[in-house]
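# Fold and geometry: a report
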Amino acid sequence: QVQLVESGGGLVQAGGPLMLSCAASGTFFSISRMAWYRQAPGKQRELVAAITSDGSTNYADSVKGRFTISRDKVKNTVYLQMNNLKPEDTLVYYCYAIITTSSGHGFQYWGQGTQVTVSS
C-alpha cells in the first residue's frame, strides 16, 4: 500500500527556518508531480509549492523567495525548506503526490498533514 509520511512540523519563532519532509513508501512504479499544500480551518487547501519529475518548480506568490521545494528521487522524498517564516504561515501542511502503481495507473495521494506554528 502506498503512503506518504510527513515529518518536520512544529513550533518556530517568526523569522526562523523549518524544513518539512515527505517520504513515499510502498510498492509503486514512479512518482510524477509532488507538492505541498496548506490549509486553514474551514478553508480550501492551497498550493504552496510543486515540483515535477524533471525538476520544474512553481510557488504560491506568498512564499516566493522564502520557501524552496526539492526532491530526492532515490529516496522518493520531497522537502520544503521554509525560511523567514511569518505568523500567517501557521497552518497545517499536506504533502501530495501523483504516483503510478504497478497497475500502470496514476493515483493522487495525500500525507496525513503536519502542523506548522509560527510565533510572533
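Structure shown above.
Attention here is on the structure that accompanies the text. (Residues numbered from 1 in each chain as written. Predicted model: local features only at pLDDT ≥ 70, side-chain atom pairs only at ≥ 80, totals over all residues. Heavy atoms only, no water.)

### A look at the sheet that holds strand 3 (residues 18-25)
One open sheet holds the four strands; their spatial order is 1-3-8-7, and the pairing between them is antiparallel. Because the sheet does not close on itself, it has two edges, and the strands there are strand 1 (3-7) and strand 7 (67-72). Strand-to-strand twist in this sheet, taken as the mean axis angle between neighbours without regard to direction, amounts to 15°. (Pairing = 2+ DSSP bridges. Helix = DSSP H or I, 4+ residues; strand = E, 2+ residues; numbered from the N terminus. Axes fitted to C-alpha atoms, helices over the stretch in contact; angles between N-to-C directions.)

### Thoughts on the pattern of salt bridges
Inspection of every chain in the model, using the stated rule, returns four salt bridges. Note that Asp89 and Arg38 form a salt bridge whose closest N and O atoms lie 3.0 Å from each other. With Asp89 in the loop between strand 8 (77-82) and strand 9 (91-100) and Arg38 in strand 4 (residues 30-39), the pair connects residues that are 51 residues apart, well separated along the chain. In this pair, the class of Asp89 matches that of Arg38, namely buried. One salt bridge connects Asp61 with Lys64, and the closest N-O pair in it is separated by 3.1 Å. The residues Asp61 and Lys64 share a single accessibility class, namely exposed. The network of salt bridges with common partners includes Arg38, Glu46, Arg66 and Asp89. (Salt bridge = Lys/Arg side-chain N within 4 Å of Asp/Glu carboxyl O. Buried < 20%, exposed > 50% of the residue type's maximum accessible area, 1.4 Å probe, protein only.)

### Description of the pairing of strand 7
Of the two faces of strand 7, only one is covered, namely that formed by Phe67, Ile69 and Arg71; the face formed by Thr68, Ser70 and Asp72 stays uncovered. Strand direction decides the pairing type here: strand 7 and strand 8, joined by six bridges, are antiparallel. Within strand 8, the position partnered with Phe67 by the bridge is Met82. Between the end of strand 7 and the start of strand 8, which pair antiparallel, lie four residues, with Asn76 showing a positive phi angle near 55°.

### Let's talk about the nonpolar core
Within the largest apolar cluster, 30 residues are counted, with the highest numbers of intra-cluster contacts made by Trp36, Leu80, Met82, Tyr93 and Ile99. Those elements giving two or more residues to this core turn out to be strand 3, strand 4, strand 5 (46-51), strand 7, strand 8, strand 9 and strand 11 (114-119). It is strand 9 that provides the largest number of residues to this core, a total of five residues. Beyond its immediate sequence surroundings of up to four residues, Ile99 is in contact with Val2, Leu4, Ala24, Phe28, Ser30, Ile31, His105, Gly106, Phe107 and Tyr109. (Core = buried A, V, L, I, M, F, W, Y, C linked by side-chain atoms within 4.5 Å. Contact = heavy atoms within 4.5 Å.)

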